[in-house]
Amino acid sequence: MAKVLMKGNEALAEAAIQAGCRHYFGYPITPQNEVTAYMAKRMPEVGGVFLQAESEVSAINMVYGAGGAGARVMTSTSSPGLSLMQEGISYLAGAQVPCVIVNIMRGGPGLGDIQGAQGDYFQSTKGGGHGDYKLIVLAPSTIQEMADLVQEAFDIADEYRNPVVILGDGMLGQMMEPVDFENVKKTKRNLPEKTWATTGRGNREHRNVINSLYIDPPVLEKHNYVLFEKYKRAEQNEVRYEMVNCDDAEVILVAYGTMARVAKNVMNIARREGHKVGLIRPISLWPFPKEPFKKTVDQVKGYLVVEMSMGQMVEDVQLATECKKPVHFYGRPAGMIPEPSVMLEKIKQIAGGAR
Amino acid sequence: MEERIIFAGFGGQGVLTMGLIITYAGMLEGKNVSWTPSYGPEMRGGTANCNVTVSDDEVGSPVIIEATSVVVMNRPSLDKYESYVIPGGKLFVNTSLVDRKPQRKDIEVYEVPANEIASELGNLKVANMVMLGAFVEATKVVKMETVLKALPEVFGKGKEHMMAINEEALEKGAELIINMVSTK
């Protein structure tokens, strides 16, 4: 199969099907409706289940059911819909149910608008639902990477028995780029058999139960430690990032998703004007990549974090740099795109020693 | 080479399709491409536009602020996007539906009476193809033969009966530019 031209939303839906996802539950919301529409058409063709739930609350609980029975299952939504799903996501994490959750972010808070934005970083990486849990969060910046990461997300979810979030934005969902599905890397992971799945007792000696209720405190505590052992493993093994032109950089731009594309443009312009500028692009937002900052913090004058929000990832950059160097921020919320000219101006200020 | 193009008009004029054809043709020629539609609470008759990048390098921002070319199919689009063209860039105006001259003096302006030519061909719907023919001839962003290859891919089987008139419309648009250049 050659390259095909697809919207991000369609590409991620097709990638899910190619990754073996046969169960999709969702509720329509702009700007991710093409996922729902694509799944409605494709799932019956591959013998899968497409079900439009009556709400996001319902959809995420259907995910809980199918995932608990061992199926590869996905839901997708946009910002307000993800808020509605938070209780279910906490339960999924607590009961260790693997699944893939796609959030094609839009402007907020509240109903906000329907343009692409990045205001849900905190919600995805720092909790969102209640209790001590973590989600593995992957942020693609091209349509090809969207397809690649969806495959990866299902594998990570199965390996860790944990929900994995694909965090995109309205622009990535709506735009078209060529995708080559043959180039999507198939897993080399040794995925554990789902011996825990509720598939009926059969000849098994015990009943499998999917549950997040551990009413006895010492028992729950033990369960919490089990979860955090798993998160520690993820922190060691699932960190992803891209570094561009960082070797000699005095100023490093930090951006993810759509924003990283704009930042890369600005980096190239700044380089042409003679400024030593690099780019760090976190691909896994949790676990957050600390290494690229450890590697560069001694050499740079400062970092410039750019986001399509009022500033969320910037806090993780401050933590990763241990505040050894100034971490500057520029962002615009509401689906407005931070302006390259402003980014350039800030780069010059930082190169000139602004703190 | 990097071409950053904005196609704009009102819903139903086929501006998203024009962008899609160029994007598809760019892909067929092995270039890096991206296509980003405007979206919102849209409706037929409302404004529509798309941002297309065709590049030898990795495509950066999918949203275009500094366009190498802008194609406007109606008056509101000219008012909105005239300022987006970079100095020395190209502006294509559908004079059938735009009742004012562009104000910029630092860009190349191509005036194409797309609706009139389409009417002469017998189908007003191909006005976008007339404009696309002119655009491809003037910019050479992709080859015309690649555009012809892209057409059936973009339109699908349902529009096979339109292929002949689409090709004719593309040719008419291209001819207009060829004549324009030879009379300059």
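The rules behind these values
- Residues numbered from 1 in each chain as written.
- Chains lettered and ligands numbered in written order.
- Predicted model: local features only at pLDDT ≥ 70, side-chain atom pairs only at ≥ 80, totals over all residues.
- Helix = DSSP H or I, 4+ residues; strand = E, 2+ residues; numbered from the N terminus.
- Buried ≥ 20, exposed ≤ 12 C-beta atoms within 10 Å, placed from the backbone.
- Contact = placed C-beta atoms within 7 Å.
- Domains from an automatic or database assignment.
- Pairing = 2+ DSSP bridges.
- Axes fitted to C-alpha atoms, helices over the stretch in contact; angles between N-to-C directions.
- pLDDT = per-residue confidence, 0-100.
- Nonpolar A, V, L, I, M, F, W, Y, C, P; charged D, E, K, R; others polar.
- Right-handed = clockwise from strand over helix to strand, strands pointing away.
- Expected span 1.5 Å × (residues − 1).
- Core = buried A, V, L, I, M, F, W, Y, C linked by C-beta atoms within 7 Å.
- Bend = angle between axes of the 7 residues up to and from the residue.

What to know about the overall build of chain B
Move 1: Summing up its helical and strand segments, chain B has six helices and six strands in all.
Move 2: Listing the helices and strands of chain B from first to last along the sequence gives β-α-β-β-β-α-β-β-α-α-α-α.
Move 3: Oriented by its inertia axes, the alpha-carbon framework of chain B measures out at about 40 × 40 × 35 Å.
Move 4: Considering chain B as a whole, with its 184 residues, one finds that 49% of them fall into the buried category.
Move 5: If you take every contact in chain B between residues at least 6 apart in sequence, the share linking residues at least 24 apart comes to 59%.

Some words on unusual backbone geometry
Residue and element names in this part refer to chain A.
Move 1: In this structure, the amide linkage connecting Gly 108 to the following residue, Pro 109, adopts the cis form with an omega of 5°.
Move 2: Mapped onto the fold, Pro 109 is located in the loop between β5 (99-105) and α5 (121-125).
Move 3: The omega angle of the peptide bond from Trp 286 to Pro 287 is -5°, so this bond is cis rather than trans.
Move 4: Examined against the element boundaries, Pro 287 turns out to sit in the loop between β12 (284-286) and α10 (291-296).
Move 5: A positive phi angle, close to 55°, is found at Asn 245, a residue other than glycine.
Move 6: Mapped onto the secondary structure, Asn 245 falls in the loop between β9 (241-244) and β10 (251-254).
Move 7: If you check the backbone angles, Ala 334 has positive phi at about 70° while not being a glycine.
Move 8: Positionally, Ala 334 belongs in the loop between β14 (327-331) and α12 (340-351).

Here we look at the domain arrangement of chain A
Residues and elements named next belong to chain A.
Move 1: On domain assignment, one finds that chain A holds domain 1 (4-237) and domain 2 (242-351).
Move 2: Of note, the centres of domain 1 and domain 2, computed from C-alpha atoms alone, are 28 Å apart.
Move 3: Looking at the side of domain 1 that touches domain 2, the elements that each hand over two or more residues are α5, β6 (136-138), β7 (163-169), α7 (170-174) and α8 (217-237).

Here's the deal with the sheet that holds strand β3 (residues 49-52) of chain A
Residue and element names in this part refer to chain A.
Move 1: Overall, mixed pairing links the seven strands, which are arranged β3-β2-β4-β5-β7-β6-β12 in an open sheet. Strands with a single pairing partner mark the edges of an open sheet, and in this sheet they are β3 and β12. Looking at each pair of strands side by side, their axes are set apart by 20° on average, direction ignored.
Move 2: Pairing of β6 with β12 involves two bridges; the strand directions are antiparallel. Its bridge partner being in β12, Leu 138 is matched across the sheet by Ser 284.
Move 3: Against the sheet, helix α4 (residues 79-94) contacts β4 (73-77), β5 and β7, and its axis sits at roughly 160° relative to β5.

Structural notes on the confidence of the model for chain B
Move 1: Residues with a pLDDT of 70 or more make up 96% of chain B, whose mean pLDDT is 94.
Move 2: Predicted as a complex, the structure gets a pTM of 0.95 and an ipTM equal to 0.93.

Structural notes on the interface of chain B and chain A
Move 1: With 14 residues of chain B in contact, the opposing surface of chain A contributes 15 residues.
Move 2: At the level of elements, α1 (15-28) and β2 (32-37) of chain B are the ones that each hand at least two residues to the side of chain B that touches chain A.
Move 3: When its residues are assigned to classes, the side of chain B that touches chain A shows eight nonpolar, six polar and no charged.

Description of the pairing of β5(A)
Residues and elements named next belong to chain A.
Move 1: Most of β5 sits out of view: seven of its seven residues are buried.
Move 2: Remark: the β4/α4/β5 crossover connection has right-handed handedness.
Move 3: Sheet topology places β5 next to β7; seven bridges connect them, and they run parallel. Within β7, the position partnered with Cys 99 by the bridge is Pro 163.

Observations regarding the sheet that holds strand β13 (residues 302-307) of chain A
Residue and element names in this part refer to chain A.
Move 1: Strand order in the open sheet formed by five strands is β9-β11-β10-β13-β14, with mixed pairing between adjacent strands. What marks the edges here is a single partner per strand, and that holds for β9 and β14. Neighbour-to-neighbour, the strand axes of the sheet open up by a mean angle of 20°, direction not taken into account.
Move 2: Relative to β13, β10 is paired through four bridges, and the arrangement is parallel. Along β13, the bridge assignment pairs Leu 253 with Leu 304.
Move 3: Packed on one face of the sheet, helix α9 (residues 257-272) meets β9, β10, β11 (277-282) and β13 and runs near 165° to β11.
Move 4: Here α12 sits on the sheet in contact with β10, β11, β13 and β14, set at roughly 165° to β13.

Thoughts on α8(A)
Move 1: If you check α8(A), its first and last C-alpha atoms are 30 Å apart, about what 21 residues at 1.5 Å a residue would give, namely 30 Å.
Move 2: Among the 21 residues of α8(A), two are classified as buried, and the element is accordingly described as predominantly exposed.

With respect to the environment of Val72(B)
All names here are of chain B.
Move 1: With respect to the helices and strands, Val 72 occurs in strand β4 (residues 67-72).
Move 2: When the C-alpha positions of Val 72 and Gly 30 are compared, they lie 27 Å apart, and in sequence the two are 42 residues distant.
Move 3: The residues contacting Val 72, other than those within four sequence positions of it, are Ala 8, Gly 9, Ser 77, Leu 78, Tyr 81, Phe 92, Val 93, Asn 94 and Val 98.

Comments concerning the nonpolar core
Move 1: Core analysis: the largest hydrophobic core is formed by 161 residues, its most contacted members being Leu12(A), Val100(A), Val150(A), Leu253(A), Val71(B), Val130(B) and Met131(B).
Move 2: No fewer than three residues from each of domain 1 (4-237) and domain 2 (242-351) of chain A sit in this core.
Move 3: Setting aside residues no more than four positions away along its own chain, Val130(B) makes contact with Val112(B), Ala114(B), Ile117(B), Ala118(B), Ala169(B), Lys172(B) and Gly173(B).

Overview of helix α2 (residues 33-45) of chain A
Residues and elements named next belong to chain A.
Move 1: In this model α2 runs 19 Å from its N-terminal to its C-terminal C-alpha over 13 residues, within 8% of the 18 Å that 1.5 Å per residue would give.
Move 2: Along its length, α2 shows its largest kink, about 30°, at Met 39.
Move 3: Those residues of α2 not exposed but buried are Glu 34, Val 35, Thr 36, Tyr 38, Met 39 and Met 43.
Move 4: Packing partners of the buried residues in α2 comprise β1 (4-7), α1 (8-18), β2 (23-26), β3, β4 and β5.
Move 5: Immediately beyond the C-terminal end of α2, within one or two residues, lies Gly 47, with a positive phi of roughly 75°.

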